[in-house]
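# Geometric and topological summary
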Amino acid sequence: ADMFSWPFAREPLCLFGPADAGLSLAEPQPLERLTQVPLWLPLRSTTIRLILEARLAAARLQLHSMCSATSPALLVSAVSRGEAWTVLPYCSGAREHQAGLVSAAPLQGTVVTWNFVSSRNRPLPAAAAAFQSVWRETVQAQIDDGRWPTAELIPAHEPLGDPASD
C-alpha cells in the first residue's frame with residue numbers, strides 16, 4: 001500500500017427520519033428499527049453502505065432499501081419531505097436536523113471513522129500539514145459548539161502527519 005491513513009474523528013451512523021418521527025440524538029436506535037421504515041440509502045459501493053450492511057449481516061437482519069442514491073443531500077431531502085428514512089453520518093444531515101426539518105438518532109453498533117490520507121512514498125507537504133491542523137481545529141469547534149454532537153475527535157499522532165509514527 002502506497003498510502004498512509006490515520007483517523008482524526010469518529011461518529012456513529014445516524015438514522016434520519018421525518019421531523020415528526022420523534023427520533024432523538026439522546027436515544028440510540030437498534031438496528032432492527034431499519035426493518036420497520038421505508039429506507040433510501042447510499043449506493044452499495046459507498047463505505048457508509050458497506051459499514052451498514054456488515055452490521056446488519058452480523059445481526060442476521062435483512063436490509064430492504066426502496067432506493068439508492070449517490071448524493072447524501074438527495075437522501076436527506078427525501079427524508080425532509082417525508083418520503084423516506086435514511087442512514088448517514090450525522091454531518092450529512094446536520095443542517096436539516098438543526099433546522100427541525102428531519103429528526104435523527106444514532107444507530108446502535110455502527111461507527112464511521114474519518115481519516116487523513118497521504119502518500120507513504122513522499123513527505124507530507126507543509127501545506128497539507130497546515131491544512132490538517134486547521135481542519136482538526138475546525139472539527140473541534142464544530143463539536144464544542146454542538147453543531148456536530150455525535151462526533152469525537154481522535155487525538156493526533158505526534159507529529160501530525162508523520163507516517164513514521166504509525
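Scope of this entry: the structure provided in the associated data block. Predicted model, so just to flag it, every value in this text is computed and none were measured.

Conventions we followed
Residues numbered from 1 in each chain as written. Predicted model: local features only at pLDDT ≥ 70, side-chain atom pairs only at ≥ 80, totals over all residues. Heavy atoms only, no water. 1 Å grid on protein atoms, 1.4 Å probe; cavity = no way out; pocket = protein on both sides within 12 Å on 5 of 7 lines; lining within 4 Å. Points joined across faces, edges and corners; volume = space filled by probe spheres on them. Helix = DSSP H or I, 4+ residues; strand = E, 2+ residues; numbered from the N terminus. Salt bridge = Lys/Arg side-chain N within 4 Å of Asp/Glu carboxyl O. Buried < 20%, exposed > 50% of the residue type's maximum accessible area, 1.4 Å probe, protein only. Contact = heavy atoms within 4.5 Å. Expected span 1.5 Å × (residues − 1). Core = buried A, V, L, I, M, F, W, Y, C linked by side-chain atoms within 4.5 Å. Phe/Tyr/Trp six-rings, centres within 6.5 Å; stacked < 30°, edge-to-face > 60°. Pairing = 2+ DSSP bridges.

If you add up the space inside the largest pocket, you get close to 190 Å³. As for the largest pocket, its lining consists of 13 residues, and the residues nearest its centre are Cys91, Ser92, Gly93, Ala94 and Arg95. Within the residue set of the lining of the largest pocket, elements represented by two or more residues are helix H2 (72-80) and helix H3 (90-98). At seven residues, H3 tops the list of elements feeding residues into the lining of the largest pocket.

Taken as a whole, this structure holds five salt bridges when the rule is applied. A salt bridge links Glu53 to Arg44, with the nearest nitrogen and oxygen atoms 2.9 Å apart. By relative accessible area, which is 53% here, Arg44 ends up exposed. Of the charged contacts in the structure, one is a salt bridge between Arg81 and Glu83, with a shortest N-O distance of 2.9 Å. Residue Glu83 is classed as partly exposed on the basis of its relative accessible area, which comes to 39%. Through salt bridges with shared partners, one network takes in Arg44, Arg49 and Glu53.

If you trace the backbone, Gln29 turns up in the loop between strand S2 (13-18) and strand S3 (39-42). Setting aside residues no more than four positions away along its own chain, Gln29 makes contact with Leu15, Leu23, Ala105, Pro106, Leu107 and Gln108.

Before going further, it helps to examine helix H1 (residues 47-58). When the terminal C-alpha atoms of H1 are compared, their 17 Å separation across 12 residues agrees well with the 16 Å that a helix rising 1.5 Å per residue should span. Turning to H1, the residues buried within the fold contact S2, S3, strand S4 (65-69), strand S5 (86-89) and strand S7 (112-119). Positive backbone phi, at 60 degrees, marks Arg60, one or two positions downstream of H1.

Here we come to the nonpolar core. Phe16, Tyr90, Val139 and Trp148 are the most contacted members of the largest nonpolar core, which totals 23 residues. Among the secondary structure elements, those contributing two or more residues to this core are strand S1 (3-11), S2, H2, H3, strand S6 (102-106) and helix H4 (126-144). In this structure, Trp148 is in contact with Glu11, Tyr90, Cys91, Trp114, Val139, Gln142 and Ile143, ignoring residues within four places of it in sequence. Formed by 18 residues, the second largest nonpolar core is a distinct cluster that contains Leu23, Leu34, Ile51 and Leu56.

This next bit is on the packing of aromatic side chains. Applying the stated rule across the entire model yields five aromatic pairs. Taking the centre distance of 6.0 Å and the plane angle of 15 degrees together, the rings of Phe131 and Trp135 count as stacked. Highlighted residues: Phe131 and Trp135, both in helix H4, separated by four residues, approximately one helical turn. By relative accessible area, Trp135 is classed as partly exposed at 35%. One aromatic cluster is present, formed by Phe4, Trp6, Phe8 and Phe116 through successive ring pairs.

As summarised here, the arrangement of the three strands in space is S7-S1-S8, forming an open sheet in which the pairing is antiparallel. Only two strands of the sheet have a single partner each, and these edge strands are S7 and strand S8 (152-153). Note that S1 and S8 share two bridges and pair antiparallel. Bridge pairing in S8 links Arg10 to Glu152.

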